[in-house]
Amino acid sequence: MRLLGLYNYWVVIVLMMVGFYTIIARDNLVKKLIGLSIFQTSVFMLYISMGRIHGGTAPILMEGTDVVYSNPLPHVLILTAIVVGVATTAVGLSLVIRINEAYGTVEEDEIHSQDESL
Amino acid sequence: MSAHLPVLLIVVPLLAAPLAALVRHPRGSWVVALGASWWALGVSIALLMRVLADGTISYEIGGWAAPWGIEYRIDVANAFVLLIVSGIGAVVTPYARVSVEREVEAARIPLFHTAFILCLTGLLGIAVTGDVFNVFVFLEISSLSAYALIALGQDRRALTSAYQYLVMGSVGATFIVIGIGLLYVMTGTLNMADLAVRLPEVAATRTIPVAFAFLTVGICLKLALFPLHLWLPNAYTFAPSSVTAFIASTATKVAVYMLLRFFFTVFGAAFSFDVMQLDMVLMPLALVAIVSMSLVAIYQQNAKRLLAYSSLAQIGYMILGISLASVTGVTAGILHLFNHALMKGALFMTLGCVMYRVGSVRVEAMAGLGKTMPWTMAAFVIGGLSLIGVPLTVGFVSKWYLVLAALEQGLWPLAVVVLLGSLLAVMYVWKVVEVAYFQPPPDGDPPAEAPLSLLVPTWALVVANLYFGIDAKLTAGVAMRAAEALLGVGQ
Amino acid sequence: MAGVAILLPVVGAFLVLALGKWPNLRETATLVTATSLFAVVYSLLGPVRAGETPSLTLVEVVPGVTLGLEVEPLGLLFALVASFLWIVTSLYAIGYMRGHHEENQTRFFFFFAVSIAGAMGVAFAGNLFTLFAFYEALTLCTFPLVTHHQTDEARKAGRVYLGILLSTSVVFQLLAIIWTWQLAGTVDFVPGGILAGTASAGVLSALLVLYVFGVGKAAVMPFHRWLPAAMVAPTPVSALLHAVAVVKAGVFTVLKVSVYVFGVDLLGSLAATPWLAWAAATTIILASLVAFTKDNLKARLAYSTISQLSYIVLGALLANRWGIIGGGMHIAMHAFGKITLFFAAGAILVAAHEKDISRMRGLGRTMPITFGAFFIGSLSIIGVPPAGGSWSKWFLGLGTLEAGQLGLLAVLMVSSLLSLVYLLEIPVRAFFSAPPADSHHGEGIHEAPWQSLAAIVITATATLALFVWPDAFYDLMTLVVER
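Reading the values: rules and limits
Residues numbered from 1 in each chain as written. Chains lettered and ligands numbered in written order. Predicted model: local features only at pLDDT ≥ 70, side-chain atom pairs only at ≥ 80, totals over all residues. Heavy atoms only, no water. Helix = DSSP H or I, 4+ residues; strand = E, 2+ residues; numbered from the N terminus. Rg over C-alpha atoms; globule rule 2.2 N^0.38 Å. Contact = heavy atoms within 4.5 Å. Buried < 20%, exposed > 50% of the residue type's maximum accessible area, 1.4 Å probe, protein only. Buried area = accessible area lost by both parts, 1.4 Å probe. Salt bridge = Lys/Arg side-chain N within 4 Å of Asp/Glu carboxyl O. Polar contact = N/O pair within 3.5 Å; in protein donor to acceptor, adjacent residues only side chain to side chain. Nonpolar A, V, L, I, M, F, W, Y, C, P; charged D, E, K, R; others polar. pLDDT = per-residue confidence, 0-100. Expected span 1.5 Å × (residues − 1). Axes fitted to C-alpha atoms, helices over the stretch in contact; angles between N-to-C directions. Parallel < 35°, antiparallel > 145°, perpendicular 65-115°, else oblique. Left-handed = near helix turned anticlockwise from the far one by under 90°. Core = buried A, V, L, I, M, F, W, Y, C linked by side-chain atoms within 4.5 Å. Pairing = 2+ DSSP bridges. Phe/Tyr/Trp six-rings, centres within 6.5 Å; stacked < 30°, edge-to-face > 60°. Lys NZ or Arg CZ within 6 Å of the ring centre and 35° of its normal. Patch = residues over 30% accessible without salt bridge, like charges linked within 9 Å, V, L, I, M, F, W, Y side chains within 5 Å. Areas by Shrake-Rupley, 256 points an atom, 1.4 Å probe, with all protein chains shown as cover.

All right, on to the overall build of chain B then. Within chain B one finds 20 helices and two strands. Expected size for 491 residues packed as a compact globule is a radius of gyration near 23 Å; at 21 Å, chain B falls within 12% of this value. On the principal axes, the C-alpha backbone points of chain B span a range of 70 × 55 × 40 Å. Across chain B, the fraction of contacts at a sequence separation of at least 24, relative to all contacts at a separation of at least 6, is 80%.

Secondary structure assignment for chain A yields five helices and zero strands. From first element to last, N terminus to C terminus, chain A shows the α and β order α-α-α-α-α. A compact globule built from 118 residues would reach a C-alpha radius of gyration of about 13 Å, whereas chain A, at 20 Å, exceeds it by more than 25%. Within chain A, the fraction of its 118 residues that count as buried is 34%. For chain A, the share of sequence-separated contacts (at least 6 apart) that also reach a separation of at least 24 residues comes to 48%.

Below, the discussion takes up the interface of chain C and chain B. On the chain B side, the residues contacting the 30 residues of chain C number 31 residues. When chain C packs against chain B, the two sides together hide about 2,800 Å² of surface, and 80% of this comes from carbon and sulfur. Between chain C and chain B we count two salt bridges in total. Where Arg159 of chain C meets Glu434 of chain B, a salt bridge forms, and the shortest distance between an N and an O atom there is 2.7 Å.

Attention now goes to the interface of chain B and chain A. Taken residue by residue, the interface counts 27 residues in chain B and 35 residues in chain A. Both faces combined, the contact of chain B with chain A buries some 2,800 Å², and carbon together with sulfur accounts for 78% of it. If you look at where chain B meets chain A, you find one salt bridge. Where chain B touches chain A, the interface holds five residue pairs in polar contact (both at pLDDT 80 or more). Of all the elements, helix H6 (residues 157-187) of chain B adds the most residues to the side of chain B that touches chain A, at 17 residues. Residues belonging to the side of chain B that touches chain A are distributed by class as follows: 19 nonpolar, four polar and four charged.

Quick look at the confidence of the model for chain B now. The predicted model of chain B has a mean per-residue pLDDT of 89, with 99% of residues at 70 or higher. Across the whole predicted complex the pTM is 0.90, and at the interface the ipTM reaches 0.91.

Right, let's get into helix H19 (residues 471-482) of chain C. All names here are of chain C. Along its 12 residues, H19 runs 16 Å from first to last C-alpha, staying within 8% of the 16 Å computed at 1.5 Å per residue. Residues of H19 that are buried include every one of Phe473, Leu476, Met477, Thr478 and Val480, and no others. Those residues of H19 that are buried are in contact with helix H3 (45-49), helix H4 (73-99), helix H10 (235-262), helix H14 (321-352) and helix H18 (450-468).

Attention now goes to the arrangement of the chains. Across the two pairs of chains in contact, the largest number of contacts is found between chains A and B. If you take every C-alpha in chain A and every C-alpha in chain C, the smallest gap between them is 31 Å, and the two do not touch.

Let us now look at helix H17 (residues 394-408) of chain B. Between its first and last C-alpha atoms H17 of chain B spans 21 Å; for 15 residues at 1.5 Å apiece the expected length is 21 Å, and the two agree. Of all the 15 residues making up H17 of chain B, 14 are buried; the element is thus mostly covered by neighbouring parts of the structure.

All names here are of chain C. Where H14 contacts helix H16 (residues 389-402), the two axes come as close as 8 Å, and the packing angle between them is 160°. The pairing of H14 with H16 is recorded here as roughly antiparallel in orientation. Seen from above, H14 lies across H16 with left-handed handedness. Counted together, Trp322, Gly323, Ile325, Gly326, Gly327, Met329, His330 and Met333 of H14 and Gly389, Trp391, Ser392, Lys393, Phe395, Leu396, Leu398, Gly399 and Glu402 of H16 form the full contact between these two elements. Split by residue class, the contact of H14 with H16 holds eight nonpolar, seven polar and two charged.

This paragraph deals with the nonpolar core. Within soluble globular proteins, side chains that are nonpolar generally end up buried alongside one another. By size, the foremost hydrophobic cluster in this structure holds 422 residues, and its most contacted members are Phe133, Ile180 and Trp400 of chain B together with Leu76, Phe124 and Phe262 of chain C. With near-sequence residues (within four places) excluded, Ile180 of chain B lies in contact with Tyr47 of chain A together with Val132, Phe133, Phe136, Leu190, Leu215 and Phe262 of chain B. In terms of nonpolar packing, the next biggest core, distinct from the first, is built from seven residues, Ala17, Ala20, Val32 and Ala36 of chain B among them.

Below, the discussion takes up the pairing of strand E2 (residues 65-70) of chain C. All names here are of chain C. Among the six residues of E2, six are classified as buried, and the element is accordingly described as predominantly covered. Of the two faces of E2, the one holding Val65, Leu67 and Leu69 and the one holding Thr66, Gly68 and Glu70 are both buried throughout. Sheet analysis places strand E1 (residues 55-62) next to E2, joined by six bridges and oriented antiparallel. Counterpart to Leu56 in the pairing with E2 is Leu69. Hairpin connection, E1 to E2: the antiparallel pair is bridged by two residues, and Gly64 has positive phi, about 95°.

All right, on to the packing of helix H3 (residues 29-51) of chain A against helix H4 (residues 72-103) of chain A then. One can describe the packing of H3 of chain A onto H4 of chain A by two numbers: an axis separation of 10 Å at closest approach and a directional angle of 180°. Overall, the two elements H3 of chain A and H4 of chain A adopt an arrangement that is roughly antiparallel.

Turning our eyes to something else, we now look at the packing of aromatic side chains. Evaluation of the coordinates by the stated rule reveals 49 aromatic pairs over all chains. Measuring from centroid to centroid gives 5.4 Å for Phe264 of chain B and Phe273 of chain B, while their planes differ by 40°, and the two rings are tilted. Through a chain of ring-to-ring contacts, the aromatic side chains of Phe396 and Trp400 of chain B together with Phe129, Phe132 and Trp181 of chain C assemble into a single cluster. The lysine or arginine in question, Arg97 of chain B, covers the ring of Trp30 of chain B, its NZ or CZ lying 5.3 Å from the ring centre. Over the ring of Tyr103 of chain A we find Arg156 of chain B, and its NZ or CZ is 4.1 Å from the ring centre.

Residue and element names in this part refer to chain C. Position of Ala2 relative to the elements: it lies in helix H1 (residues 2-18). On the basis of relative accessible area, Ala2 is assigned to the buried category, the value being 7%. Between the C-alpha atoms of Ala2 and Leu69, which are 67 residues apart in sequence, the distance is 6.8 Å. Non-local contacts of Ala2, meaning those with residues more than four positions away in its chain, are made with Leu69, Val71 and Phe124.

All names here are of chain A. A cluster of nonpolar side chains, contributed by Leu6, Tyr7, Trp10, Val11, Ile13, Met17 and Met45, occupies part of the molecular surface with about 660 Å² of accessible area. Its location among the elements puts Leu6 in the loop between helix H1 (2-5) and helix H2 (7-25). The class for Leu6 is partly exposed, based on a relative accessible area of 37%.

Structure (structure tokens):
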């Protein structure tokens, strides 16, 4: 079952779709950010999965030449990406707080109706 | 020292940013920003001159050799983009001092300048780096600071538009990361030059086209190509004036540069256009953008939003040139990158002057400004003429190359659309001009002319609009060399 | 010297701006600039007649495309006419603007001078790009003059003016210019043309159509609406710009493109040429017919101008020696005749406050000089001796015969008859009919201010003199066809 053998990629795809759907379909600004986070997380998992090698061990230099290491580079990259993701979420949430102060709501449709009545 | 210029270009502003935050004094942090932006301009000029004289510069960060380490690789194309970004930054920073004091509350001004420098750093970083993951990191640095800058606008709608931009921008960036990841899976490298070598071996797989598609969508979101443009009009309209002037003339330009870099250098023009037929996607979208966005611009009642829609149409011109995938076409695209930065920078800065004195940039609020703020409106008229593409302005030079590129391939209907687009530009520019010059100013105290600290930077860009329109040998020559480098011909 | 000719009016314009607070000094500045400009242009006549074509390259805009000037006979002819008439118009404008108590006179004289600079640039342009640049500059600089009154009506007219002139030039003319550059690799003006052999006859025909309709200033129907719209401007503007500088810049461009881009031989071989000639002929007749229906004097003159401009376009499209000579000379002859008519119209407006032809009956007795001049101007437009216009009509007629187009000759005849009626009606009724019952003619009405009257007399006299001495213009045009 080669298809199931790649189960972590299936997880990536499912998470990606869940996140993307949430971003598009939800009116609540906080839920949208949650969706964005899930979406980004799925990409992190994609990177980490691709660095993994069957039977590979953590990339810490060991004695001997027949040791198989996992590829550390994607992991490092994803450390950066996680930082970026956290920063994005932080900026997004602070915007939501300011929006809540200004409009008294975090629901997109209510914000729209307030702006249109201006 | 001069060997380390590529990295100093990034590191100095990157260090200046926290410094500006630590200063905590509005004027003090502005001085830091000014220093950083002028430093960037000086380095960019030095780098461009060196690239023109000696050819491509390759710089290894921390001494790690490419493709393992991160390489900064500067050829004519990105040296030119660096010049655009840092040039606009160096003009907008002096302008920002007074403008920001009026539009942003005092406590936030140091943070404004911090975010401004970070945004500049990020944009410069995208242009300078030769590593695709590094592109993503710098992209997020510039985007996150841009969201914060836009949210500082006076109107509360600035917050929602910043939020909207954040969501769409992050989705775009994530798409780009996915694309980069897939490329890495197939090739095991992140270095652009290395990718270009290794990609052809695996181009026939299914993964590479998927990566290509993710990158296309992600980048087109960032450069706001129709129909992925929805974040842009609000963001430009409600951001503080100096932010709009800066972002409108740099952020989308850098995204266009990313498009060029990925599709010409990394994938190669042959793969992008012959195999993937990118032109079949970009050309129709560009044409629709030119016509529809210009039409929408005509009906806007807010001058900033009007210019925002005009920007979307102008992006269409750049993409149209690029989609022709010929030397002349890509030259036209790159040239318009530069020229449009000059005209939109100047125009948004005049609106900043209006905002400063009148407190509104709605079209009807500009009645009578031709009399009361003659220098500001004269700048607007010249910028507008440049946008229309009147001879002896930069807009004309862009149009000349674009039409020429279309005619070269016998695509004269494209040429007609390009020229019709400038007629639509006449209509939306003249809408503002007529109100300013034909309607009497409202009763009460007439607004005074904008202060010199706003007018001088504005006019600096206006003069640049004329200068590079009369003597375009430098810009056209550099753009053509950049196009040749990207297409890999003539060297 | 060509550079000086363009710079001089610009300098004059800024002098006007600087002296805005002292009207007398300001007007002196205008007159001095105008006179010295004519002197400069006139000084070029000798060298050009001797076969020289002084040229000057200002700057290379993009590789291969320069902003350059060249003085050649056709351009000199246009420049001579425009610069001479500027002196007269300045004189006239001083009387008119003061007599009519116009506002913003400094701005008016400023843009007037800048527009003349634009016209000089068109005249001395050394290549298509330069021509186009000055052509557009002329459109934009005359916009504030057309909309001088800043009323709603002026704004609407301004839209039509700018809309038609910009759209034709940007969409058709610019496309044609870039196409020419793409085909020929140059946009320079070369005797004999640059396009021969660069593309198929079909493509070149399309190019010719783009040029003829792209030069909106030549007012070939259906792109003529801007000219009547521009009549909301103060009369001196209508007189110099919309009877001489702007419209002649248009037909001048058509002539120049015919001679120096296509070349007469190539032009004659294209299938589109006779069709376009008939388009011009249609404009001639239709515009004359419309002129009949206009009771507003300036509107009637405007349609007469549209009709007369197409004479010149027609001359160019006859694609033979006599057609070109006739077209070129008609630039000069029509200029002197039509400016006289506009001057008279303005004088009537200032002195008697009348715009409508039906209300001018009997006015000739109180304003004999004005209507006398109007009569002479009309003769020139109609093309009968002893006025200069008869020469250009004669050569145009010869051109149609040489081209074997008897139909076009008939068009010229019919149009002359039409103009005979719609123009001469005005002075004849002014002299011989009784004034309308409700008018106050004769009560306090006298001739216009002396400056305006002097201008009218000068141009009317010149119109007559050109019948006796047309040599200078004839010689210049001969040089054009023999270069």
